[in-house]
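# Summary of the model geometry
One letter stands for each residue in the lines below.
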Amino acid sequence: MMTNTSLLDQFPLLKEKVRGHRLAYLDNAATTQKPLPVLEEMDRIYRTLNANVHRGVHTLSQQATDAFEEARAKVARFIKASEPAEVIFTKGCTESINLVAQSWGLANLKPGDEILLSHGEHHANIVPWQLAAERCGAVVRPIPIFESGELDLKALSEMVSSKTKVVGIKHVCNALGTINPIAEVVRLAHSVGAICIVDGAQGLAHEPVDVQAWGVDFYAMSAHKTYGPMGVGALYGKRSLLESMPPFMGGGDMIRTVSFDGTTFNEIPNKFEPGTPNVPGVVGFGAALDWLAAFGLPQATAIENDLADRAAAELSSLPGVVLRGTASQKVGIVSFTLDSVHPHDIGTILDSEGVAVRTGHHCCMPLMRRLNVPATVRASFALYNQPEDVEALIKGVQKVQKIFA
Ligand code: C6P
């Protein structure tokens, strides 16, 4: 078991001072910091293995290909996919969802079809579906959620019908921390023959994922929220669905034969991976999952939830603070507002104390409207956070209260 000090030694950035203060980094839902083993693995690729993948007969290219494909196997194992070919590497969660909306959506949606998306979805799981729906004459409908941030499953069970073709839900809410009941949502989607796509951007680093046990059709991921690099992500899709879908983008590596009379396409996963991929990024993603698995997901969530519970308890005892998102099943995210002070002002004052939080609508405008707030302040915890980070947050909010008194 890593001690707290040896853990922090792996994150040099966390030792930097911000505005003369110890950094309290509480913006982990936006992106996590990266541990040294991940940075070193990416560095190793550029220093010792840099070559293009899937193309060369030379040794270096084959070694790079092996490292790349090993990362695919690591992602598949982490989410319990039945085979690595069901994992497509992308630029991130956003691209993964766009891939499904453009490829599966345009090939399968017809006028009058319905796409049901939770009212709490991130824009990344709304806008791609609106774009697809517009082109196909389909309709996007929000699934109600409660004030607590929990999904209204009864409403969903009444909304699904033979018109439903897609049900979209995020595994974990980035703005409020709610953990959604994925197995139940998949069951309801499948009961009417619809597919279920899960936005896993905030799930992967905090909750166990078992795509086969859930029976989910697609699961979208970003590496950078899981201690891995930016600009890399993945899409899990069931083999039968991926095989039935047309390519999303064309180019090299995704083809079998090309002539001016027509093109035939490669097998999955290559069919969806045109062009030169981000090889060090993908390998870094695999290293990040190894690192997280070695740390232990249950240990990570225990640390994060404990700190978030302390922060929530202390914040709610401050006058004028309202906690937003009070679901019984949550990850370590605390969202709040403070009477008559705009979240951006709170964020700016917290920053002057070295506390990094996110403020705004968190790319969830429909959710903010549902909660009747323009924005919130969000403190999101990672496994390296410390009790001092909570203390700095509380002291910072008290400073805001003094300034605005
Ligand atoms: N949320 C946040 O601060 P990308 O940018 O593709 O890696 O992930 C997009 C995305 C999709 N779904 C959810 C639930 C997300 O939280 C995010 C990214 C960041 O909450 C930036 S808006």
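Parameters and conventions
Residues numbered from 1 in each chain as written. Predicted model: local features only at pLDDT ≥ 70, side-chain atom pairs only at ≥ 80, totals over all residues. Heavy atoms only, no water. Near = heavy atom within 4 Å. Polar contact = N/O pair within 3.5 Å; in protein donor to acceptor, adjacent residues only side chain to side chain. Areas by Shrake-Rupley, 256 points an atom, 1.4 Å probe, with all protein chains shown as cover. 1 Å grid on protein atoms, 1.4 Å probe; cavity = no way out; pocket = protein on both sides within 12 Å on 5 of 7 lines; lining within 4 Å. Sits in = over half its atoms within 2 Å of the grid points. Domains from an automatic or database assignment. Contact = heavy atoms within 4.5 Å. Buried area = accessible area lost by both parts, 1.4 Å probe. Phe/Tyr/Trp six-rings, centres within 6.5 Å; stacked < 30°, edge-to-face > 60°. Helix = DSSP H or I, 4+ residues; strand = E, 2+ residues; numbered from the N terminus. Buried < 20%, exposed > 50% of the residue type's maximum accessible area, 1.4 Å probe, protein only. Pairing = 2+ DSSP bridges. Axes fitted to C-alpha atoms, helices over the stretch in contact; angles between N-to-C directions. Expected span 1.5 Å × (residues − 1). Arc of directions from axis to C-beta. Parallel < 35°, antiparallel > 145°, perpendicular 65-115°, else oblique. Left-handed = near helix turned anticlockwise from the far one by under 90°. Nonpolar A, V, L, I, M, F, W, Y, C, P; charged D, E, K, R; others polar. Points joined across faces, edges and corners; volume = space filled by probe spheres on them.

### Quick word on the site of the ligand
- Around the ligand, 17 residues are found, and the nearest of them are Thr94, Asp199, Ser222, His224 and Arg358.
- A distance of 2.6 Å separates a nitrogen atom of the ligand from a polar side-chain atom of Asp199.
- Measuring from a nitrogen atom of the ligand, one finds a side-chain N or O atom of Lys225 at 2.9 Å.
- Here the ligand loses 86% of its free accessible area of 510 Å² to cover by the protein chains.
- With respect to the detected pockets, the ligand is housed in the largest pocket.

### With respect to the domain arrangement of the protein
- When its domains are assigned, the protein resolves into domain 1 (4-30 + 296-404) and domain 2 (39-293).
- A straight line from the C-alpha centre of domain 1 to that of domain 2 covers 28 Å.
- Taken together, the contact between domain 1 and domain 2 spans 34 residues of the former and 32 residues of the latter.
- Buried surface at the junction of domain 1 and domain 2, summed over both partners, amounts to about 2700 Å²; 58% is from carbon and sulfur atoms.

### A closer look at the packing of aromatic side chains
- This structure, assessed with the given rule, holds eight aromatic pairs.
- Ring geometry for Phe11 against Trp291: centres 5.6 Å apart, planes inclined by 80°, an arrangement best described as edge-to-face. With Phe11 in the loop between α1 (4-9) and β1 (17-18) and Trp291 in helix α10 (residues 279-295), this residue pair connects regions lying 280 residues apart in the sequence.
- In this structure Phe11 comes out as buried when scored by relative accessible area, which is 0%.
- Considering the side-chain rings of Trp291 and Phe295, the 6.0 Å spacing of their centres and the 25° angle between planes classify their relative orientation as stacked. Taken as a pair, Trp291 and Phe295 lie in helix α10 at a separation of four residues, close to a single helical turn.
- Through pairs of rings, three or more aromatic residues link up here, namely Phe11, Tyr227, Trp291, Phe295 and Tyr384.

### Points about the sheet that holds strand β9 (residues 218-222)
- The sheet built from seven strands is open, its strands ordered β4-β10-β9-β8-β7-β5-β6 with mixed pairing. The sheet is open, and its two edges are formed by β4 (87-90) and β6 (139-143), each paired on a single side. Taking the axes of each pair of neighbouring strands and ignoring which way they run, one obtains an average angle of 20° across the sheet.
- Here strand β5 (residues 114-118) pairs with β6 via five bridges, running parallel. Opposite Ser118, over in β6, you have Ile143 as the bridge partner.
- Contacts from helix α3 (residues 59-79) reach β4, β9 and β10 (233-237) within the one sheet, and its direction differs from that of β4 by about 115°.

### Here's the deal with the environment of Arg77
- By the secondary structure assignment, Arg77 is in helix α3.
- Sequence spacing of Arg77 and Cys363 is 286 residues, and the spatial spacing of their C-alpha atoms is 30 Å.

### Topic: helix α11 (residues 297-316)
- Given a rise of 1.5 Å per residue, 20 residues ought to cover 28 Å, and the 28 Å separating the end C-alpha atoms of α11 matches this to within 8%.
- Those residues of α11 lying buried are Leu297, Ala300, Thr301, Glu304, Leu307, Ala308, Ala311, Ala312 and Leu315. On an axial view of α11, the arc spanned by its buried residues comes to 140°, and they lie on one face. When the buried face of α11 is taken as reference, the exposed residues oriented beyond 90 degrees from it are Pro298 and Asp309.
- Of the surrounding elements, those touching the buried residues of α11 are α10, β13 (321-324), β14 (333-338) and α14 (387-403).

### Brief notes about the packing of α11 against α14
- Between α11 and α14, whose axes approach to 10 Å, the crossing angle comes to 20°. Comparing the axis directions of α11 and α14 gives the class roughly parallel. Read as a crossing pair, α11 and α14 show a hand that is right-handed. Contact with α11, carried on its side by Leu307, Arg310, Ala311, Glu314 and Leu315, involves Pro387, Val390, Leu393, Ile394 and Val397 of α14 and no other residues of that element.
- Partitioned by chemical class, the residues of the contact of α11 with α14 number eight nonpolar, no polar and two charged.

### Structural notes on empty space enclosed by the protein
- Evaluation of the coordinates by the stated rule reveals two cavities of 30 Å³ or more.
- Roughly 60 Å³ of volume is contained in the largest cavity.
- Lining the largest cavity are Ser118, Gly120, Ile145, Gly149, Leu151, Ile169, Lys170, Cys173, Leu176, Thr178, Asn180 and Leu367.
- A breakdown of the residues in the lining of the largest cavity according to their chemical character gives six nonpolar, five polar and one charged.
- Of the voids in this model, the second largest cavity is the one considered here, and its volume is about 40 Å³.
- If you go around the second largest cavity, the residues you meet are Asn28, Ala29, Gln202, His206, Val331, Gly332, Ile333, Ser380 and Phe381.
- When grouped by side-chain class, the residues that make up the lining of the second largest cavity number four nonpolar, five polar and no charged.

### Some words on the sheet that holds strand β16 (residues 358-360)
- Read across the sheet, four strands follow the order β13-β14-β17-β16 without closing on themselves; strand pairing throughout is antiparallel. With one partner strand each, in any of the chains shown, β13 and β16 form the two edges of the open sheet. Averaged over all neighbouring strand pairs, the angle between strand axes comes to 30°, with direction disregarded.
- Alignment of β16 against strand β17 (residues 376-380), held across three bridges, turns out to be antiparallel. Within β17, the residue paired with Thr359 across the bridge is Val377.
- α11 contacts β13 and β14 of the sheet and is inclined by roughly 15° relative to β14.

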